[in-house]
Amino acid sequence: MATDDQLLVVIDPLARRTDGEAVRIAKDVLSAGAASTKVCLPEGPEEFARALSRRGSRRPVVVGDDRALLRAVAHLHRRRELGACALSLVPVGSALGLAHSLGVPTGAVAAARAALDGVERRLDLLVDDSDGVVLGALRIPALPGVPPRDPPGAGGATTGGRTAGGARAGGPEPGRNGDPGSGREADPGAASQTGSGTGGGAGTGAGTDAGAGPEAGSGTGSGRGARSGDGSADGCASPSSGHHSWLRAWPQSLARTLSTRPAIPARMSRPLRPSRIRVAAGGGAGPARLRVEVDGVIIIDLDQPVEAVSITPYAHGGAAVEIRPVSVGAEAGPLHATGHRVTVSGADFRYRADSLVAGPVRTRTWTVREAAWGLTLPG
């Protein structure tokens, strides 16, 4: 049986990507049960807000998860239109804890029927001093922990331009001889000598010597086994060298090899500890020193660390505050208070409001607005 309602069905883009079948079912049920239904498919937050602003006399129905509901309530709150508008929600997505705690049915069909035949229930709202809104619970610190953001382009912990493994992230180190393990400074005159490294044993011995006097210009040899250090500048072998050239090149090559080998363990012997290690927070955060005031009365001060603070709006325009102090010696029980205005201050802290994490801030005040918004729930 169709109702006389005129609906504006705003389908969140994440819901369409997450569960297109549930979205289709909800749209069909709403279209069949309302007198007039207008379906909007926004592609982003701006179009989402624009669709709500242009709803006219239609009652909005949001198809999406908790974040879509929060986005709708926050937008209507900024426009000061929450008092004259009752929202409906068809939960589709993965983040649905808030929707379930508010009493919204889980299935697409049941939620769509509740949007058509349900009753409006006025709920309290927490509004902070930056005009943000909280529909459900608020917790300080934000749990579970949120990893800190790496700076743009950061690929990991670094120390002086090196990765935690000790190698420079950009490839060979500037000023080196193209060999990250050689430990020797490159000679400007030796830039053309690296070509002989691909040759035989004799070519290797002479081609990498930057201080061999007249041999410095022979590094561009073809590397076919001739000792380029005994030839002319064009890289050809000297007739006087004969087949004994490798006997003279071998001791020099061995000496250079042995002299450069200790450079590798010398570098690796340094502690491979980055100067700054970013560690993702685990399931909990450490104690914080916070001052919590409820209606101007200090409940706990900075001299006593706390493990957690939770603030939850409840009926009749009040908020329930629970503070868990850190136990020192004897076990300390939680502190409870109720009031309309809660202020938390202290060192920089983060907090989780519904499904979003905000902060860090040093002080924040939340005020309870009684029956500030309406949600359509089953009768």
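This text goes with the structure placed above it.
My aim in this report is to walk through the structure given alongside it, one point at a time.

Helix and strand content of the protein chain: nine helices and 16 strands. The burial tally for the protein chain puts 39% of its 379 residues in the buried class. Contacts in the protein chain between residues at least 24 apart in sequence constitute 65% of all its contacts with a sequence separation of at least 6.

Time to look at the pattern of salt bridges. Using the criterion set out here, one finds 15 salt bridges in the structure. Residues arginine 71 and aspartate 12 are paired through a salt bridge, measuring 2.9 Å at the closest nitrogen-oxygen approach. Of this pair, arginine 71 sits in helix H4 (residues 66–78) while aspartate 12 sits in the loop between strand E1 (6–11) and helix H1 (13–18); the two residues are 59 residues apart in sequence, bridging distant segments of the chain. Using a relative accessible area of 29% as the deciding quantity, one classes arginine 71 as partly exposed. For aspartate 129, the salt bridge is made with arginine 364, and the minimal N-O distance between the two is 3.0 Å. Of the two residues, aspartate 129 sits in the loop between strand E5 (119–128) and strand E6 (133–134) while arginine 364 sits in strand E16 (residues 356–377), which places them 235 residues apart along the sequence. Taking the relative accessible area as the measure of exposure, arginine 364 reaches 14% and is therefore buried. Each member of the salt-bridge network shares a partner with another, and the members are Glu21, Arg24 and Asp28.

Before going further, it helps to spend a moment on the environment of serine 345. Considering the arrangement of structural elements, one finds serine 345 in strand E15 (residues 341–353). Along the chain, serine 345 and aspartate 301 lie 44 residues apart, while their C-alpha atoms are 9.3 Å from each other. Look past the residues within four positions of serine 345 in its chain and what remains in contact with it is Arg289, Leu290, Arg291, Leu302, Arg362 and Thr363.

Moving on: the packing of aromatic side chains. Overall, the coordinates contain one aromatic pair when judged by the stated rule. On the basis of an interplanar angle of 90 degrees and a centroid distance of 5.2 Å, the ring pair of tyrosine 351 and tryptophan 366 is categorised as edge-to-face. Separated by 15 residues along the polypeptide, tyrosine 351 in strand E15 and tryptophan 366 in strand E16 bring together distant segments of the chain. The exposure class assigned to tyrosine 351 is buried, which follows from its relative accessible area of 4%. Note that arginine 71 overlies the ring of phenylalanine 48, its terminal NZ or CZ placed 5.2 Å from the centroid.

The next thing to look at is the packing of helix H3 (residues 45–53) against H4. Close contact between H3 and H4 brings their axes to 10 Å; oriented N to C, the two are set at 55 degrees. With respect to each other, H3 and H4 are oriented oblique. In this structure, H3 crosses over H4, and the sense of that crossing is right-handed. The segment H3 lies against H4, with Pro45, Phe48, Ala49, Leu52 and Ser53 engaging Ala68, Arg71, Ala72 and His75.

Okay, unusual backbone geometry next. With an omega of -5 degrees, the peptide bond between isoleucine 140 and proline 141 qualifies as cis. By the secondary structure assignment, proline 141 is in the loop between strand E7 (138–140) and strand E8 (158–159). A cis amide bond, omega 5 degrees, links glycine 359 with the succeeding residue proline 360. As for its position among the elements, proline 360 is in strand E16. Even without glycine at this site, arginine 80 takes up a positive phi of about 55 degrees. If you trace the backbone, arginine 80 turns up in the loop between H4 and strand E4 (86–91).

It is worth spelling out the side chain of threonine 376 at this point. Positionally, threonine 376 belongs in strand E16. Residue threonine 376 is classed as buried on the basis of its relative accessible area, which comes to 9%. Within the structure, threonine 376 has its side chain in polar contact with the side chain of serine 88 (distance 3.2 Å). Contact partners of threonine 376, with chain neighbours within four places excluded, come to Arg59, Ala86, Leu87, Ser88, Ala114, Ala115, Gly118, Val119 and Glu120.

Each value, and the rule that gives it
- Residues numbered from 1 in each chain as written.
- Predicted model: local features only at pLDDT ≥ 70, side-chain atom pairs only at ≥ 80, totals over all residues.
- Heavy atoms only, no water.
- Helix = DSSP H or I, 4+ residues; strand = E, 2+ residues; numbered from the N terminus.
- Buried < 20%, exposed > 50% of the residue type's maximum accessible area, 1.4 Å probe, protein only.
- Contact = heavy atoms within 4.5 Å.
- Salt bridge = Lys/Arg side-chain N within 4 Å of Asp/Glu carboxyl O.
- Phe/Tyr/Trp six-rings, centres within 6.5 Å; stacked < 30°, edge-to-face > 60°.
- Lys NZ or Arg CZ within 6 Å of the ring centre and 35° of its normal.
- Axes fitted to C-alpha atoms, helices over the stretch in contact; angles between N-to-C directions.
- Parallel < 35°, antiparallel > 145°, perpendicular 65-115°, else oblique.
- Left-handed = near helix turned anticlockwise from the far one by under 90°.
- Polar contact = N/O pair within 3.5 Å; in protein donor to acceptor, adjacent residues only side chain to side chain.

So yeah, pure geometry; function would need other evidence.
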